[in-house]
Each structure stands twice: as C-alpha cells, then as structure tokens.
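Structural characterization, general
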Amino acid sequence: MELKVKALLDPGFKPMSVVMREYDKKVAAAQNQPLVIGIVRNKGYVSAYKTAIFADGTGHDEENARYIERIVKTMLWVKGGYKVIVAGSKVVYDAIAGSYCQGGAREFDADFMAKVYEKPFEVEYRAIEDAPETSESAAPVGRHLDGCRIGFDAGGSDRKVSAVVNGESVYSEEVVWFPKTNEDPKYHYEGILSAMKTAASKMPRVDAIGVSSAGVYVDNRIMVASLFLKVPEADFDKYVKNMYIDVAKEIGDVPLEVANDGDVTALAGAMSLEDTGVLGIAMGTSEAGGYVDLNGNITGWLNELAFVPVDFDQDAMIDEWSGDIGCGVKYFSQDAVIKLAPAAGIELDEALSPAEKLKVVQGLMEKDDERAKKIFETIGVYFGYAIAYYSAFYDIKHVLIMGRVTSGKGGELVLSNAQKVLDTEFPACAEKISLHIPDEKSRRVGQSVAAASLPEIK
C-alpha cells in the first residue's frame, strides 16, 4: 500500500480509509455480491450499511471476513447496538458470529454492548432480499433556549452548573469533586442534587434540565460511566442507573435530557459555528467523540471512537482494555504521543504518569524540537486518514478537535497535517469538510449552557 502522505514515525500504518477505497475498487472489478450490515439498538432503531464483497467461494472468503469484521466493529462503536444482522453472505455471517461469541476475538465488544442495551448480544443471518433498512430517530435534541433551564456538566474532577434564562447564563458555578474515587453513590447523588438546587434558586422557576456527562446513556439512564468507577455493581444497578432521573424528580416534574459530554461538546461547537454536521473529537486520556447531524440533532449514537479501528496493520498496537489492535485510542490520545516517542528518539522517564510524559513532549514542542514535531506531524497524518474513514459513517461538514493533546503548537501541527492528507488523498472530503480548533467564542458558549439547551419544553 503506497500512501501519498506518509506517517513519518509509523511506516507500517495502513489507514482504514485507504484499505476501504482499495477493497471497493478490487471488488468492483471482480465477481461480487451485495452485502448489508444492520445494527439494532434501543427502541428498535436500525442503522444499515450497504456494500459489495467478493462473491463467496471465489478465493477471497478470508479477505471478505477480515475486512467486514472491521466494518462491523466500526458500526457498533459509532452507532451502538445489541444485534448485528448480516444479510447476503452466510460465509461472512459465520465469521462475524464466530468473532462475537463467548471466547471469540470480539467478546469484549459483545459483552460491552449487552451491558449497555441490557439485552443478550446476537448476530443474525438474513438473505439479501430481507436485508435491514435504516430506521432511526430524527427527534431534535438541543438548541432550545426558551424558559428557565438548568444545565449540568459532570466532569471527573469538577462539576459545573448554570442557570440559563432564555439562552443567557444568569449564574454559573464550578465545584471540585471526586466522583471517580468514591464508592458510595450517595456522594454522587448529593453532589448533583446540591448543584441543581443552587441553580434552581437563581431563577423564578425551573422549566427543563439538561445534563452533559461522560459515559453511555440510553433513555436518560446511566449505562456505563467512569464517574461511578468505584461504585459496586449491585449498587450501580440499584442507585446509579436512574440517578439523573431521580435527581430531576426532586427539582420538579420537568423535561430532562441526558447526553454524553462528547455530543454536548459537538453541540456547543455547532451553536458557536451556527452550522450543523459537526463531529467533535477530544484527544486526551483517550479519544472521545460527539456528533451533531445535518439537521442539528444529537443522534443517540454511541460515538465511542476510541474503539473504532483506524489502522488495518496486523502489527498495530494493542489496546489493553478491549484486546484489539489499530483502534483510535492508540492514535488520538496521550497514548499516541507516548507510543511514538521512542521512534522520534525521545526517551521518557518510565516513573512519570502518562499525563506527565505528554507534558514533557509538549514542552519540547513549544521549543520547536524537531523530534517532538515529528510526533505531532505523525498524529496529524493518522488523523487526516481517519477523518476520511469517519466520513463513510457520518455526514460531516466540520471537525472540531480539542483535548490536552491538541493544545499549543502540537495541535496546529495535527490540524495542518490532517488537512494535507485530505487535500492530497481525499480532495472530495477536503472540499466538504472544515477542520477547527475551538476558538474563544466556542468556549464561551460553554458545555453547561449547551447542556441546558438539550430538552424541549412541551
């Protein structure tokens, strides 16, 4: 595979976007057959992906299986779901079912989805005539600024709350808290309730409550969230799952909307840009994603881009949590900087924490160290190819990058090299997609104010 823009410090890098382009080209020139992948999630919503593969039994069965497994994995972590439907190839179905069963290579993914959607994970085969069609919710979420609203933003180290009246923040506060180290869910409950009561006291009434919080949420329920890391599982099900719903009831019988913080960040960006089709990506401890669609809606998709494969290379770095290779977390986070440091000739003290190692490299970058430059250039090349891949699953007009990895001169290099990849390899994408680092205006819109705009007042 010959890349027009090389990842300087990672010669083995095989971007999924180029793999996809080459696979489609080869399939089109060969004996082929249609294939549809359907992902089913809460409320029976279905996301369907239509493609073509080499015809079964023509010597490409293994190639089909390996490629389509990456597409299934991408669909699961972008959209979320408890059921995969494979329509059109029994051979591909057998490979996917074998991967996502107990003891299979993707057991982690299957278990995670089963937990999120509270249903056993399954893979189903269908003939191509019965292939699933996309059927998703188009209910608008966010950008509602009427009335008296509470916007709450639950971070890992501080919690922010705003009282918002007709789109203007009349009161905001930021309180340090320690949710990740507390086992007692009462600590979390009381902290959230106290913040909301404070905001409520600053307004004549409360018409709606919006919440931005790290984690996975389905129908306002907390399914997986690092804020409750230390809470025992039995207490999680009993006290945590409905926590935001229970707190809201104490404030009043008003509309509530809980969304992932990545989605709310993308929404804040969309409000600032005054546009739609925004993919927000935060490069920090991990890679977090959020998306506002072309109608200006938050979709209810997972957008867990840390687990989406971006590199097809068999020797790509393993993500310790999922046990998979080539996933976004090792390309767009502090892990990426640490991973590339030895290839750049930078020796990092093993006694340092990952955040401290990132600071060392960023310190060198601010002094225009050539070795540090190569690291951020390589991440930028990774990112340009990844954006092209993401665009096969999202309608994107704007990509907003944020997070500690993108601060300072490093962020500028990431952006310029990503742009170079799009201009050189994917001119159609480059024409359609603008890349941004949030400006002061975006920051002023604020996460908690964007959160306050989530629910609609009926």
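Now for a description of the structure that goes with this document.

Conventions and cut-offs
- Residues numbered from 1 in each chain as written.
- Predicted model: local features only at pLDDT ≥ 70, side-chain atom pairs only at ≥ 80, totals over all residues.
- Heavy atoms only, no water.
- Axes fitted to C-alpha atoms, helices over the stretch in contact; angles between N-to-C directions.
- Helix = DSSP H or I, 4+ residues; strand = E, 2+ residues; numbered from the N terminus.
- Left-handed = near helix turned anticlockwise from the far one by under 90°.
- Contact = heavy atoms within 4.5 Å.
- Nonpolar A, V, L, I, M, F, W, Y, C, P; charged D, E, K, R; others polar.
- Buried < 20%, exposed > 50% of the residue type's maximum accessible area, 1.4 Å probe, protein only.
- Expected span 1.5 Å × (residues − 1).
- Polar contact = N/O pair within 3.5 Å; in protein donor to acceptor, adjacent residues only side chain to side chain.
- Pairing = 2+ DSSP bridges.
- Salt bridge = Lys/Arg side-chain N within 4 Å of Asp/Glu carboxyl O.

This paragraph deals with the packing of helix α9 (residues 334-344) against helix α10 (residues 354-366). It is at 9 Å that the axes of α9 and α10 come closest, and there the two elements cross at 65°. The hand of the α9/α10 crossing is left-handed. Residues Gln-334, Val-337 and Ile-338 of α9 pack against Pro-354, Ala-355, Lys-357, Leu-358 and Val-361 of α10. Split into classes, the residues belonging to the contact of α9 with α10 amount to six nonpolar, one polar and one charged.

Further remarks concern unusual backbone geometry. Phi angles above zero are rare outside glycine, and Arg-143 is one such case at about 70°. Relative to the helices and strands, Arg-143 resides in the loop between β4 (122-126) and β5 (148-154). Residue classification places Arg-143 among the partly exposed residues on the basis of a relative accessible area of 32%. A positive phi angle, near 70°, is found at Asn-220, a position not held by glycine. Tracing the chain through its elements places Asn-220 in the loop between β9 (216-218) and β10 (221-224).

Let's shift gears to helix α8 (residues 261-273). Taking 1.5 Å of rise per residue, the 13 residues of α8 would be expected to cover 18 Å, and the 18 Å separating its terminal C-alpha atoms lies within 8% of that figure. Burial analysis of α8 places eleven of its 13 residues in the buried class, the great majority of the element. Those residues of α8 that fall on the buried side of the exposure criterion are Gly-262, Asp-263, Val-264, Thr-265, Ala-266, Leu-267, Ala-268, Gly-269, Ala-270, Met-271 and Ser-272. Between a side-chain oxygen at the N-terminus of α8 and the backbone nitrogen of Gly-262 the separation is 2.7 Å; the capping residue is Asn-260. Glu-274 occupies a position one or two residues after α8 and carries a positive phi of about 55°.

As a further point, take the sheet that holds strand β2 (residues 46-54). The strand order across the open sheet formed by four strands is β2-β1-β3-β4, and the pairing between neighbours is mixed. The sheet is open, and its two edges are formed by β2 and β4, each paired on a single side. Shown here is a sheet whose adjacent strand axes are inclined to one another by a mean of 20°, direction ignored. Of the strand pairs in this sheet, strand β3 (residues 83-87) and β4 are connected by five bridges, and their pairing is parallel. Looking at β4, one finds that Val-86 is bridged to Tyr-125. In the packing of helix α1 (residues 16-28) onto the sheet, the strands contacted are β1 (32-40) and β2, and the crossing angle to β2 comes to about 55°. Of the strands in this sheet, β1, β2, β3 and β4 touch helix α3 (residues 90-99), which is tilted by about 175° from β4.

It is worth spelling out the side chain of Thr-51 at this point. Of note, Thr-51 is situated in strand β2. Of the residues examined, Thr-51 reaches a relative accessible area of 16% and is grouped as buried. Leaving out residues up to four positions away in the same chain, Thr-51 has contacts with Asp-24, Pro-34, Leu-35 and Ile-68.

With that out of the way, let us pick up α1. Between its first and last C-alpha atoms α1 spans 18 Å; for 13 residues at 1.5 Å apiece the expected length is 18 Å, and the two agree. Every buried residue belonging to α1 is among Met-16, Ser-17, Val-18, Val-19, Met-20, Tyr-23 and Val-27, and all of these are buried. As for α1, its buried residues are in contact with β1, β2, α2 (61-79) and α11 (370-390).

Quick look at the pattern of salt bridges now. By the definition in use, this model includes 31 salt bridges. The partner of Asp-324 in a salt bridge is Arg-106, with the nearest N and O atoms 3.2 Å apart. Of this pair, Asp-324 sits in the loop between β13 (287-292) and α9 while Arg-106 sits in the loop between α3 and α4 (107-117), and the two are 218 residues apart along the sequence. Look at Asp-324 and you get buried, because its relative accessible area is 3%. Assessed through its relative accessible area of 7%, Arg-106 is described here as buried. The residue Arg-221 makes a salt bridge to Glu-118 at a minimum N-O spacing of 2.8 Å. On the criterion of sequence distance, the pair formed by Arg-221 in strand β10 and Glu-118 in the loop between α4 and β4 is long-range, its members being 103 residues apart. With relative accessibility at 24%, the residue Arg-221 sits in the partly exposed group. A cluster of three or more residues bridged by salt bridges with shared partners is formed by Glu-69, Arg-70, Lys-73, Arg-106, Asp-109 and Asp-324.

Time to look at the sheet that holds β5. In space, the five strands of this open sheet follow the order β7-β6-β5-β8-β11, with mixed pairing throughout. Two strands bound the open sheet, and with one partner strand each, they are β7 (168-176) and β11 (256-260). If you compare each strand with its neighbour and ignore which way they point, the axes differ by 15° on average. Across seven bridges, the pairing between β5 and strand β6 (residues 158-165) is antiparallel. Along β6, the bridge assignment pairs Phe-152 with Val-161. Strands β5, β6, β7 and β8 (208-213) of the sheet are contacted by helix α5 (residues 185-200), whose axis makes an angle of about 25° with β6.

Moving on to the pairing of β6. Buried residues dominate β6, accounting for six of its eight residues. In textbook terms, the turn of a hairpin is the stretch between consecutive antiparallel strands, and for β5 and β6 this stretch comprises three residues. Sheet analysis places β6 next to β7, joined by eight bridges and oriented antiparallel. Directly across from Lys-160, in β7, lies its bridge partner Glu-174. Linking β6 back to β7 in an antiparallel pair, the connection comprises two residues, with Asn-166 at a positive phi of about 50°.

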